[in-house]
Amino acid sequence: MKKIYQFFTSLPFMAFLFLTLAFTMAIATFVESSYGTPAARSLIYNTHWFEALWALFALNLLNNLFKYRLLTKRRFTIGLFHVSFLVMLLGAAVTRWFSYEGSMHIRENDSSNTILSSDATFFAGIGNQTEEETVRFSEITPRQFSAKFDVNGQKVEVKTIGFFAHSERKAIPSESGEAVLDFVFAAPDREGMQSFTFRRGDVLEYPGLVAGFEAREETPVRFFIQDEELKMISVYPVEETTMAAQETTEYEAGDTISVQKMFLYNVNNFRVLVRDFYPSASFTAVKSAHETNEQAVMVQISDGVRQQTIPVFGHASMDADTVEVSLANATLKLAYGAKPIHLPFSLYLKDFQLERYPGSESPSSYASEVVLIDEAEGVERDVRIFMNNTLLYKGFKFFQSSYDQDEKGTILSVNYDLWGTWISYISYILLGLGFVLSLLNKNSYFRFLAQRLKQSSAKAVVLALLVTGISFGASAQTGQGANIPAVDPQLSETFSKLWVQSVDGRFKPLSTMNSEIVRKLSRKSSLYGKSADEVVLSMMTYSEIWQTLPFVRVESKELAAELGISGKTISVQQMFDAQGNYRIAEEVRAAFSKPAAFRNQMEKDYIHLDERISICFMVFRGTLFEVFPRERVEDPWYSPGENAAEYTGGDSIFIKSGFNLLIQSIQNGNNSEALEVLNAVDNFQQKYGGDLLPGQAKKDAEILYNKVNPFERIFPYYLLFGFLLLVVLLANIFRQKPLPVLLKKSFYYAIVLLFVVHTAGIIIRWYISGRAPWSNGYESVVYVAWAAMFAGILFGRKYPMVIATAAFLSGVSLFVAHLNWMNPEITPLVPVLKSYWLTIHVSIITASYGFFGLSAFLGILVLILIIIRRNSNEGKVNHFIDQLTSINEMSVTVGLYFLTIGTFLGGVWANESWGRYWGWDPKETWALITIMIYSFIAHMRLIPSLKGVYNYNMASVFGFASVLMTYFGVNYFLAGLHSYGKGVADGVHPSVLVTFGVLGGLMIWAYLKDMKYENSKK
């Protein structure tokens, strides 16, 4: 028994637990992405074996606290850090076993004291015999329920055997059934057909079409059975068309129509088709190719006489409907859905409020004005619940989750977890204290590494590199664009300073939109030697010339081959044949007819190209630019050429034809008149929209930001300085004479200057957007690059290789940020992100990526040094290896602290926004996986079989793959609550596979070289 205990509490078993938990959770995220959250919870998260792994982890951690005397005065700070995890696991256990979640739906002027549990239940009962279990059905875990009943000595067995996450009801003929109408309709404003299955008494309510089948209430379209035939009466005129001969018959409103199957009926601009009519039918369930709001559980019932399989429809988050099944001598009741939980108080909804960004349908915020009523306690008080502002009462926390589409009702999520939450919060406080005190404690391992670095002060050579007169700007295209007339610089500058409203409601200078347009169309920042502002104004003015120029980006070689072009760009003119037909019309129509998840890469490329061509025509016509304010701030601004209903006289005419006058003036060379038009637009904006506009200072800052384009401008210099410095430092290992100190200082200050520009860019973007600039994919990668460079300057003041590595890493990160699938647009925040926790949580957790990135690149550099190490240079090389490995360990330590604290501060944010501090969302799960992996790396030195310079640096490179998955993989390839940070990425780029292949080869080569070197020393 003692040996078993020693095994379970040993450091090697701890390392095994780190990796096992990480691997298990990684598998769970992919299961969740493919089969849904219930499948991941059933197979992994909510299993006893997964809980046992965490229990063993807690046992191991508790034992090591005493075994390694982490609670002594000398090591108390690191002991406190580890104690926090024990408290955290205790809080998680309390939450797991004693908390529950649900949702409450309330309509305005109504009250509720009932929540629907987030845990679904399945019920089966015969008479007073009942069975009810909590279930987590998925398509790979359908067998969640079974029950047996004794009915007068006869055994009845019930078990679930199948599940459809998105199901459709399908009627089949049955003698004991009811009349069923299989109905399909197409709305005038939507693509495709929609199905609806009527039972007698059902009513379809769709905007513009309300139809009933022998319903009690009168409906505009009414189906009924007369003389065993299906009839229809409509308050609208009806046009009947035969599908085969296309013959048409017209009926007046109120006519009685004999409905024919597979005939097409045009009712109030809706196309209606009756696929089938069953005088007597029952329902079964089939899997739907589309997302539906209905799930189906297939239940097998055996009563000793016969066996049957029936569907039970419902949804895990909705109240259950009871299904009755007639057996030989009893009636079986079945139900699937959420379990109602009654609260000792109620909430009354006075008003639901939804605010949108001006001129946009995007919600800015939404809130519920409720009255808390507790008659037993004599409590009645007004409460406002909105995103990041919750109601806590008697251990129940209510937070704003969603709302009804008519904006007359609210959906509040509810969480009951008072003790689990507070225990977890205490652990976060201990975690923060342990982190700070461990960095300050002179006896900590971090300080030991710093002291070792100080003692081994570099006598190694240093290089500084001064690079001047090198331009990395996009080279101007010549030849084909030479015939584009020049646009007066003053005109393009004035044009760029006008305000425009984007589709998300943000007001920004046209300079910003022009940059976005040119980048969207061509993936370049300029075209034919013209700035983005000149390009867009020129496209509006000389559209016939621009239609002949090949500047529209084609996504892939395959698509280019289909279009018959050899390069990567195509002209608008080439998209039409000699008869003026759009060449890809059929392909685009076919692509859009498929659900997004079922489109192949070529279909996506067709859609992207069609989008670019559409943008071109919107620019040519000027309809893309919403530059004229409306009287109502809620309404989107007018584009040039629109009919302005609320304006009269000159204002209306100006909106209609002002831009035409602008274009004519430029074409005629009358720049002064064109300038007057632009000034008139500016005056119009100030007159009618001045109260909405951010102000001149922000406009000037944003225009400056667009012109400088700091992040795209500096990344080539980061790459150049970093790469060349590394090359020279590695080459200089073989030199005998060190380079002058002046070069070291020159290089250091050049890097610092780039870092200052980087920092200034972040500050300006923060000022422009009015929020912390790390809320989307592009911004967070820019911030990771900043954090990596900050870490390099922090650790590399005396170590030029660290500076070089950090600069190269920052350059690579900024390069990635400016790839075509990253969106650099400044966008408004979704409501959940309007929280100070965004600044705290994201800044800390994203900064950790910079430290881990530096660690990975230092690891690669050490592997290269191991490869080039010889007996002739081993003194210098080993000196560098020791220095870089120590800095690597320090970087991992700081990164791990930051990631751990940032992750659990995210738990605080989640609790304030979504009502629970942990929900196994893929993003937070992968953050925990990364913590586990880097915890393993940080503890490798304590395990004899794993410690060593090569092993550590190789592991630091491998570990960064988890960071990449946490950020890119989850954001771009997995679903979850963090979808607001998503970009657009279709598959894994081949360069990623090549990079992993090269790194794998480097690791193998370094391993062989290290083994050879070690053997030579023996």
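Residues numbered from 1 in each chain as written. Predicted model: local features only at pLDDT ≥ 70, side-chain atom pairs only at ≥ 80, totals over all residues. Heavy atoms only, no water.

**Q** What should I look at first to understand the overall build of the protein chain in this one?
**A** Looking only at helices and strands, one finds 26 helices and 29 strands in the protein chain. Put simply, the protein chain has 1018 residues, and 51% of those count as buried. The contacts in the protein chain between residues at least 6 apart in sequence include a share of 64% that link residues at least 24 apart. (Helix = DSSP H or I, 4+ residues; strand = E, 2+ residues; numbered from the N terminus. Buried < 20%, exposed > 50% of the residue type's maximum accessible area, 1.4 Å probe, protein only. Contact = heavy atoms within 4.5 Å.)

**Q** Where do I start with the sheet that holds strand S15 (residues 263-267) in this structure?
**A** Within a sheet, neighbouring strands are paired by backbone hydrogen bonds and run either parallel or antiparallel to one another. In space, the six strands of this open sheet follow the order S7-S6-S16-S15-S12-S13, with antiparallel pairing throughout. Strands at the two margins of the open sheet, each flanked by one partner only, are strand S7 (194-199) and strand S13 (248-251). Between one strand and the next, the sheet's axes are offset by a mean angle of 35°, whatever the strand orientation. Bridge count for strand S6 (residues 167-186) against strand S16 (residues 270-287) is 15 bridges, and the pairing is antiparallel. From the neighbouring strand, Ile 172 faces S16, where its bridge partner is Ser 282. (Pairing = 2+ DSSP bridges. Axes fitted to C-alpha atoms, helices over the stretch in contact; angles between N-to-C directions.)

**Q** Help me out: how do you make sense of unusual backbone geometry in this one?
**A** Most of the time, phi is negative for any residue but glycine, and the peptide bond is trans. Look at Glu 228: it is not a glycine, yet its phi comes out positive at around 60°. Look at Glu 228 and you get exposed, because its relative accessible area is 76%. At Tyr 528, a residue that is not glycine, the phi angle is positive and equals roughly 50°. Tracing the chain through its elements places Tyr 528 in the loop between helix H9 (510-522) and helix H10 (532-541).

**Q** What exactly am I supposed to notice about the packing of aromatic side chains here?
**A** Describing an aromatic ring pair means giving the distance of the ring centres and the angle of the ring planes. Scanning the model with the defined rule gives 56 aromatic pairs in all. Measuring from centroid to centroid gives 6.2 Å for Phe 50 and Trp 54, while their planes differ by 90°, and the two rings are edge-to-face. One end of the pair, Phe 50, and the other, Trp 54, are both in helix H4 (residues 48-67), four residues apart, so they sit about a helical turn from each other. Each member of the pair, Phe 50 as well as Trp 54, carries the same accessibility label: buried. Aromatic side chains Phe 196 and Phe 198 sit 4.7 Å apart centroid to centroid with 70° between the ring planes, which places their arrangement in the edge-to-face category. The structure contains a cluster of three or more aromatic residues connected by ring pairs, namely Phe 18, Tyr 45, Trp 49, Phe 50, Trp 54, Phe 57 and Trp 920. Here the basic side chain of Arg 96 rests over the ring of Trp 97, its NZ or CZ set 4.6 Å away from the ring centre. Across from the ring centre of Tyr 638, 4.1 Å away, lies the NZ or CZ of Arg 630, which sits over that ring. (Phe/Tyr/Trp six-rings, centres within 6.5 Å; stacked < 30°, edge-to-face > 60°. Lys NZ or Arg CZ within 6 Å of the ring centre and 35° of its normal.)

**Q** I'm lost on the pattern of salt bridges in this one. Help?
**A** Pairing is possible between side chains that carry opposite charge, provided their charged atoms lie close to one another. Inspection of every chain in the model, using the stated rule, returns 20 salt bridges. Close ionic contact of Asp 119 with Arg 136 constitutes a salt bridge, the shortest N to O distance being 3.9 Å. With a gap of 17 residues between them, Asp 119 in strand S2 (residues 110-126) and Arg 136 in the loop between strand S3 (129-135) and strand S4 (146-151) connect regions that are remote in the sequence. Take Asp 119: its relative accessible area is 31%, and that puts it in the partly exposed class. Members of the salt-bridge network, linked through shared partners, are Asp 374, Glu 377 and Lys 394. (Salt bridge = Lys/Arg side-chain N within 4 Å of Asp/Glu carboxyl O.)

**Q** Would you mind going over the sheet that holds strand S9 (residues 209-213) with me for this structure?
**A** Spatially, the five strands line up as an open sheet ordered S8-S9-S10-S11-S14, and their pairing is mixed. Of all the strands in the sheet, just strand S8 (203-206) and strand S14 (256-258) have a single pairing partner and so form its edges. Strand after strand, the sheet turns through a mean of 20° between neighbouring axes, direction not considered.

**Q** Explain the nonpolar core to me, please; I cannot follow it from the model alone.
**A** General note: in soluble globular proteins, nonpolar side chains tend to be found buried as a group. With 69 residues, the main nonpolar core has Met 25 and Phe 904 as its most contacted residues. The element best represented in this core is helix H2 (residues 11-35), accounting for 12 residues. Leave out the neighbours within four places in its chain, and Met 25 touches Tyr 45, Phe 50, Trp 54, Trp 920, Thr 925, Leu 928, Ile 929 and Met 932. Counting residues in hydrophobic clusters, the runner-up holds 61 residues, among them Leu 449, Ile 793, Met 801 and Val 802. (Core = buried A, V, L, I, M, F, W, Y, C linked by side-chain atoms within 4.5 Å.)

**Q** For this particular structure, what's the right way to read the environment of Tyr 748?
**A** By secondary structure assignment, the location of Tyr 748 is in helix H19 (residues 741-769). By relative accessible area, Tyr 748 is classed as partly exposed at 21%.

**Q** Looking at this structure, how should I read the packing of H10 against helix H15 (residues 649-667)?
**A** When two helices pack together, their arrangement is captured by the angle between the axes and the distance separating the axes. At a minimum axis separation of 9 Å, H10 and H15 run at an interaxial angle of 95°. Considered as vectors, H10 and H15 are oriented roughly perpendicular to each other. Contact with H10, carried on its side by Leu 537, Met 540 and Thr 541, involves Phe 659, Leu 662, Ile 663, Ile 666 and Gln 667 of H15 and no other residues of that element. Each residue belonging to the contact of H10 with H15 can be placed in one class, and the counts come to six nonpolar, two polar and no charged. (Parallel < 35°, antiparallel > 145°, perpendicular 65-115°, else oblique. Nonpolar A, V, L, I, M, F, W, Y, C, P; charged D, E, K, R; others polar.)

**Q** Help me understand the pairing of S6 in this model?
**A** Successive residues of a regular strand alternate their side chains across the two faces of the sheet. Of the strand pairs in this sheet, S6 and S7 are connected by six bridges, and their pairing is antiparallel. Opposite Phe 185, over in S7, you have Gln 194 as the bridge partner.

**Q** Which parts of the structure should I look at to understand a nonpolar patch on the surface?
**A** Nonpolar side chains collect at one region of the surface, where Ile 429, Leu 433, Val 436, Leu 437 and Leu 440 lie side by side and expose about 460 Å² of accessible area between them. On the basis of relative accessible area, Leu 440 is assigned to the exposed category, the value being 58%. (Patch = residues over 30% accessible without salt bridge, like charges linked within 9 Å, V, L, I, M, F, W, Y side chains within 5 Å. Areas by Shrake-Rupley, 256 points an atom, 1.4 Å probe, with all protein chains shown as cover.)

**Q** Help me understand the environment of Phe 277, please; the structure alone is not making it clear to me.
**A** Its place among the elements puts Phe 277 in strand S16. When the C-alpha positions of Phe 277 and Val 180 are compared, they lie 6.0 Å apart, and in sequence the two are 97 residues distant.

**Q** Just checking my understanding: could you explain helix H14 (residues 601-621) for this structure?
**A** Spanning 21 residues, H14 covers 31 Å between terminal C-alpha atoms, matching the ideal 30 Å at 1.5 Å per step. Looking at H14, one finds that the buried residues are Glu 603, Asp 605, Tyr 606, Ile 607, Leu 609, Asp 610, Arg 612, Ile 613, Ile 615, Cys 616, Val 619 and Phe 620. The first or second residue beyond H14 is Gly 622, which carries a positive phi of 80°. (Expected span 1.5 Å × (residues − 1).)

**Q** Any chance you could explain H9 here in plain terms?
**A** One turn of an α-helix holds 3.6 residues; hence residues three or four places apart share an orientation. Its 13 residues give H9 an end-to-end C-alpha distance of 18 Å, which sits within 8% of 18 Å, the value for a rise of 1.5 Å per residue. Buried residues dominate H9, accounting for 10 of its 13 residues. Just downstream of H9 lies Arg 523, where phi reads positive at about 60°.

**Q** Would you take a moment to explain the confidence of the model for the protein chain for this structure?
**A** Low pLDDT marks regions whose predicted coordinates should not be analysed in detail. Model confidence for the protein chain is summarised by a mean pLDDT of 82, while 86% of its residues fall at 70 or above. The least confident element of the protein chain is helix H7 (residues 445-455), whose mean pLDDT is 67; the most confident is strand S17 (residues 295-302), at 93. Within the model, the stretch residues 457-479 combines pLDDT values under 50 with 52 contacts to residues more than four positions away or in other chains. Note that pLDDT drops below 50 for residues 829-834; the model gives that stretch 25 contacts with residues more than four away or on any other chain. (pLDDT = per-residue confidence, 0-100.)

**Q** Explain a positive patch on the surface to me, please; I cannot follow it from the model alone.
**A** Where like charges cluster on the molecular surface, the positive patch consists of Arg 69, Arg 74, Arg 75 and Lys 442. One can find Arg 69 in the loop between H4 and helix H5 (76-98). On the basis of relative accessibility, which here comes to 59%, the residue Arg 69 falls in the exposed class. (Lys, Arg positive; Asp, Glu negative; His and termini not counted. Charge placed at Lys NZ, Arg CZ, Asp CG, Glu CD.)

**Q** How should the packing of H4 against H5 be read in this particular structure?
**A** Direction vectors running N to C along H4 and H5 enclose 155°, while the axes themselves pass 10 Å from each other. It follows that H4 is roughly antiparallel to H5 by the angle criterion. Crossing hand, H4 versus H5: left-handed. Residue-level inspection shows His 48, Glu 51, Trp 54, Phe 57, Ala 58, Leu 61, Leu 62 and Leu 65 of H4 in contact with H5, the latter providing Gly 79, His 82, Val 83, Phe 85, Leu 86, Leu 89, Arg 96 and Trp 97. A class-by-class count of the residues in the contact of H4 with H5 yields 11 nonpolar, three polar and two charged. (Left-handed = near helix turned anticlockwise from the far one by under 90°.)

**Q** Is there a simple way to think about the environment of Arg 136 in this case?
**A** By relative accessible area, which is 21% here, Arg 136 ends up partly exposed. Considered as a pair, Arg 136 and Asn 46 are 90 residues apart in the sequence and their alpha carbons are 9.9 Å apart. The contacts of Arg 136, once residues within four sequence positions are left out, are Pro 38, Arg 41, Ser 42, Asn 46, Asp 119, Thr 141 and Gln 144.

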